[in-house]
Amino acid sequence: MAGELNATTRAVLKLQLGDEGGTRRINFSRLWDGRKSSVSFKKLFRLAVEYRFPDDAPYILRNYDVVVTYEDEDGDTITVSSDDELSEAFLQFVGRTPPVLRARATVKKQEGAAAAVSAAPSEEAEEVEESEAEDASEPAAATSPRGSPSPSRQASAAASEEDQQAQNQQPPPMPPAKQLQTILESFVSVMASAVLVVQNHLAEANANANASQATQSQPQEPAPVSPVVLEGVEARATPEAAAEAHSVSASETEEVAKEKEEDGKKEEEAVNEKKKEDDKKDEAAPAPVRIRVKKKEPEEEEEEE
């Protein structure tokens, strides 16, 4: 265990406040009480309430229950509820590297605390006056015989000033009606932005559609016709194409004439061959026998009778 604590002690308290409060890093100087020359559990109590319920300002500390625990060198869980117990906790870790005291705080509101909110201004004023009185008395008491403040008093005054600035930086509570008005104004602003974006998209779509219609309505130039030669169609593109088409059609006509001529020859040859075969058959067949019957005369028929 290290020596005694003073205002220049370099140490840090890491206070865990659960999922909603998170983990807070608190310098030793913020917990130092210059009048008592010791650490102040009341300051730790107040910081725990402010960190856990930042929207409850101004605070009435008697409406909250705060339980602070830490794990000592033996691994046991120790509860802190006074200045002496907090000092003992720091003394166990101030000599380590780094000098960090890890603690856990459970902060709860007491039942019926909401009913006592109306008394907050007067009690809060008393606490502020008490804090200002402490700050005012510290410089006079902290002056050495030579007229210069001691280092411990300077650190204590700085810590008190830092606490006071932190309290002053907290925004005052907003009335419910004002909160509702702010929410509605934000909602209206978001909706207006969304409507503006939709209008811009519609205008752009209409402009594109008009441009497309204008392009379609413009007369289009006929596509250039390539000089393609079709069978039976006279080409008019160029004289060269016409000459080529004429030569192609003439050659095709000659081929057709040749094919017809060959077909005629084949037919004529077939007819001649058939005629020759018929002649051969006629020569091979025997000659027909002709019988002539003589017709009797009527006189001859009578004689016979």
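Residues numbered from 1 in each chain as written. Predicted model: local features only at pLDDT ≥ 70, side-chain atom pairs only at ≥ 80, totals over all residues. Heavy atoms only, no water.

Asks: In this structure, what is going on with a nonpolar patch on the surface? I would like to understand it.
Replies: A grouping of Phe 187, Val 188 and Met 191 is seen on the molecular surface, where their side chains present a nonpolar patch of about 310 Å² in accessible area. Within the secondary structure, Phe 187 is located in helix H6 (residues 176-217). (Patch = residues over 30% accessible without salt bridge, like charges linked within 9 Å, V, L, I, M, F, W, Y side chains within 5 Å. Areas by Shrake-Rupley, 256 points an atom, 1.4 Å probe, with all protein chains shown as cover. Salt bridge = Lys/Arg side-chain N within 4 Å of Asp/Glu carboxyl O. Helix = DSSP H or I, 4+ residues; strand = E, 2+ residues; numbered from the N terminus.)

Asks: What should I look at first to understand the pairing of strand E6 (residues 77-80) in this one?
Replies: One face of the sheet, then the other: side chains in a regular strand alternate in exactly this way. Pairing of strand E5 (residues 64-71) with E6, which is carried by four bridges, proceeds in the antiparallel orientation. Bridge pairing in E6 links Glu 71 to Thr 77. Where E5 folds back on E6, the antiparallel hairpin that results is connected by five residues, among which Gly 75 adopts a positive phi of roughly 85°. (Pairing = 2+ DSSP bridges.)

Asks: Before we go on, may I ask you to explain the packing of aromatic side chains in this structure?
Replies: Pairs of aromatic rings are described using the distance from one ring centre to the other and the angle between the two planes. Enumeration according to the criterion identifies six aromatic pairs in this entry. Seen from their ring centres, Phe 28 and Trp 32 are 5.8 Å apart, and the 40° between their planes marks the pair as tilted. Considered together, Phe 28 and Trp 32 belong to a single accessibility category, that of buried residues. With 6.5 Å between their ring centres and 80° between their planes, Tyr 70 and Phe 93 make a pair best called edge-to-face. (Phe/Tyr/Trp six-rings, centres within 6.5 Å; stacked < 30°, edge-to-face > 60°. Buried < 20%, exposed > 50% of the residue type's maximum accessible area, 1.4 Å probe, protein only.)

Asks: Is there a simple way to explain the environment of Phe 45 in this structure?
Replies: You can see Phe 45 is positioned in helix H2 (residues 41-52). Residues Phe 45 and Ser 82, 37 residues apart in the sequence, show an inter-C-alpha distance of 10.0 Å. With residues near it in sequence (within four places) discarded, Phe 45 still touches Leu 61, Tyr 64 and Val 66. (Contact = heavy atoms within 4.5 Å.)

Asks: Would you mind showing me how to read unusual backbone geometry here?
Replies: Glycine aside, the phi torsion of most residues is negative, and most peptide linkages are trans. The step from Thr 97 to Pro 98 runs through a cis peptide bond, and the omega angle for that step is -5°. Its location among the elements puts Pro 98 in the loop between helix H3 (83-93) and strand E7 (100-109). Positive phi, normally seen in glycine, also occurs at Ser 37, with a value near 55°. If you trace the backbone, Ser 37 turns up in the loop between strand E3 (32-33) and strand E4 (38-39).

Asks: Would you explain the sheet that holds strand E2 (residues 23-27) in this entry?
Replies: Strand pairs in the sheet, formed through backbone hydrogen bonds, run parallel or antiparallel to each other. If you trace the five strands from one edge of the open sheet to the other, you get E2-E1-E7-E5-E6, paired in mixed fashion. This sheet does not close on itself; its edge strands, each paired only once, are E2 and E6. Pairwise comparison of adjacent strand axes, ignoring direction, gives a mean angle of 30° for this sheet. With five bridges joining them, strand E1 (residues 12-16) and E2 adopt antiparallel strand pairing. Bridge pairing in E2 places Lys 14 opposite Arg 25. Across the sheet, H2 is in contact with E1, E2, E5, E6 and E7; its angle to E5 comes to roughly 110°. (Axes fitted to C-alpha atoms, helices over the stretch in contact; angles between N-to-C directions.)

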